[in-house]
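Structural description and commentary
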Amino acid sequence: EPEVTQTPSHQVTQMGQEVILRCVPISNHLYFYWYRQILGQKVEFLVSFYNNEISEKSEIFDDQFSVERPDGSNFTLKIRSTKLEDSAMYFCASSHLGQGARTGELFFGEGSRLTVL
Amino acid sequence: QKEVEQDPGPLSVPEGAIVSLNCTYSNSAFQYFMWYRQYSRKGPELLMYTYSSGNKEDGRFTAQVDKSSKYISLFIRDSQPSDSATYLCAMSVFGNEKLTFGTGTRLTIIP
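A short tour of the structure in this document, coming up.

Criteria and thresholds
- Residues numbered from 1 in each chain as written.
- Chains lettered and ligands numbered in written order.
- Predicted model: local features only at pLDDT ≥ 70, side-chain atom pairs only at ≥ 80, totals over all residues.
- Heavy atoms only, no water.
- Helix = DSSP H or I, 4+ residues; strand = E, 2+ residues; numbered from the N terminus.
- Rg over C-alpha atoms; globule rule 2.2 N^0.38 Å.
- Buried < 20%, exposed > 50% of the residue type's maximum accessible area, 1.4 Å probe, protein only.
- Contact = heavy atoms within 4.5 Å.
- Areas by Shrake-Rupley, 256 points an atom, 1.4 Å probe, with all protein chains shown as cover.
- Lys, Arg positive; Asp, Glu negative; His and termini not counted.
- Charge placed at Lys NZ, Arg CZ, Asp CG, Glu CD.
- Pairing = 2+ DSSP bridges.
- Axes fitted to C-alpha atoms, helices over the stretch in contact; angles between N-to-C directions.
- Buried area = accessible area lost by both parts, 1.4 Å probe.
- Salt bridge = Lys/Arg side-chain N within 4 Å of Asp/Glu carboxyl O.
- Polar contact = N/O pair within 3.5 Å; in protein donor to acceptor, adjacent residues only side chain to side chain.
- Disulfide = S-S within 2.5 Å.

1. Focus: the overall build of chain B
- Scanning chain B from N- to C-terminus turns up zero helices and eleven strands.
- Helices (α) and strands (β) of chain B occur, in sequence order from the N terminus, as β-β-β-β-β-β-β-β-β-β-β.
- Taking 13 Å as the expected radius of gyration for a compact globule of 111 residues, we find that chain B reaches 13 Å, a close match to that expectation.
- Its C-alpha atoms put chain B at 40 × 30 × 25 Å along the principal axes.
- Looking at the 111 residues of chain B, the share that counts as buried comes to 42%.
- Considering only contacts within chain B whose residues lie at least 6 apart along the sequence, 55% involve residues at least 24 apart.

Below you can see the structure in the form of structure tokens.
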């Protein structure tokens, strides 16, 4: 069964460092997303991406964050100058037809846990 | 008031019991309502989605939406130990890509 894969599963970094989280969405999916979940809190939307550009972003997704689809298979989230409060589980998701927000048909990866010290 | 409220639990019930999970919301623009299941150390997995008010049934699962009360429910019949997980409600506004999640309810089914 196709799945969304994320690397690394866990990354520890020092405050102020840059981090890149990587995702390989399901191959025929066209819409890609990043969500995050701070420990004990709800899953929060960060950004959606379609046709090589951001289609929607939340107020959390400020200049510290960027996304990129550097090739035909990877989708990355870059966090510049990490802060303590960036510590969270980051989930990548993909959707075939972009109806994810209407049908809930988002396929989530297992997450990348980021710990900022 | 939070956009989506969900009792975090934890909730423990004996195997075979009927489980009721609920969320309330404040944003009347929400039109699409989903329930996700999340096992430990895994990403959320879609269980059911509904549009507008009413009931939807899928096997042992029934989703209910009452837009007039801004209240949604998930019922699990004949609960199994494998149903032990965190259940997340999520909802969205027409035309938006963003899903707004509840905090999740941690459910344990006791054999």
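2. Examining the overall build of chain A
- Across its full length, chain A holds one helix and eleven strands.
- Ordering the α and β elements of chain A from the N terminus gives β-β-β-β-β-β-β-β-β-α-β-β.
- A globule of 117 residues ought to have a C-alpha radius of gyration of about 13 Å, and chain A, at 13 Å, matches this closely.
- In terms of overall dimensions, chain A has C-alpha extents of about 40 × 30 × 30 Å along its principal axes.
- Within the span of chain A, comprising 117 residues, buried residues form 50% of the whole.
- For chain A, the exposed area adds up to about 5,800 Å²; of that, 46% sits on carbon and sulfur atoms.
- Of the charged side chains in chain A, 10 are positive and 15 negative; the average position of the first set lies 3 Å away from that of the second.

3. Topic: the sheet that holds strand β1 (residues 4-6) of chain B
Residue and element names in this part refer to chain B.
- Spatial ordering of the open sheet is given by β1-β3-β8-β7-β6, a layout of five strands whose pairing is antiparallel. Whereas interior strands pair on both sides, the edge strands pair on one side only; in this sheet they are β1 and β6 (54-58). With direction set aside, neighbouring strand axes in the sheet form an average angle of 15 degrees.
- Pairing between strand β7 (residues 61-66) and strand β8 (residues 71-76): six bridges, direction antiparallel. If you follow phenylalanine 61 over to β8, its bridge partner there is isoleucine 76.

4. Examining the interface of chain B and chain A
- The partner chain A presents 21 residues to the 21 residues of chain B that form the contact.
- Contact with chain A buries area across many residues of chain B, yet B:Glu97, B:Lys98 and B:Phe101 alone supply 33% of it, more than any other trio.
- At the junction of chain B with chain A, the criterion picks out one salt bridge.
- A salt bridge links B:Lys42 to A:Glu110, with the shortest nitrogen-to-oxygen separation between them at 2.7 Å.
- The tally of links from chain B across to chain A stands at five residue pairs in polar contact (both at pLDDT 80 or more).
- Going through the elements one at a time, β4 (30-38), β5 (45-51), β9 (85-93) and β10 (100-101) of chain B are the ones with two or more residues in the side of chain B that touches chain A.
- Ranked by residues supplied to the side of chain B that touches chain A, first place goes to β4(B) with four residues.

5. So, the state of the cysteines
Residues and elements named next belong to chain A.
- Throughout the structure, instances matching the rule amount to two disulfides over all chains.
- Paired through a disulfide, cysteine 23 and cysteine 92 show a sulfur-sulfur distance of 2.0 Å. Handedness here is read from the sign of the S-S torsion; for cysteine 23 and cysteine 92, about -65 degrees, the answer is left-handed. Highlighted residues: cysteine 23 in strand β3 (residues 19-24) and cysteine 92 in strand β9 (residues 88-95), separated in sequence by 69 residues.

6. Thoughts on the side chain of A:Thr76
Residue and element names in this part refer to chain A.
- Within the secondary structure, threonine 76 is located in strand β8 (residues 75-79).
- Under the relative-accessibility criterion, threonine 76 is labelled buried at 8%.
- Apart from residues lying up to four places away in sequence, threonine 76 is in contact with Ile20, Leu21, Arg22, Trp34, Ser66, Val67, Glu68 and Pro70.

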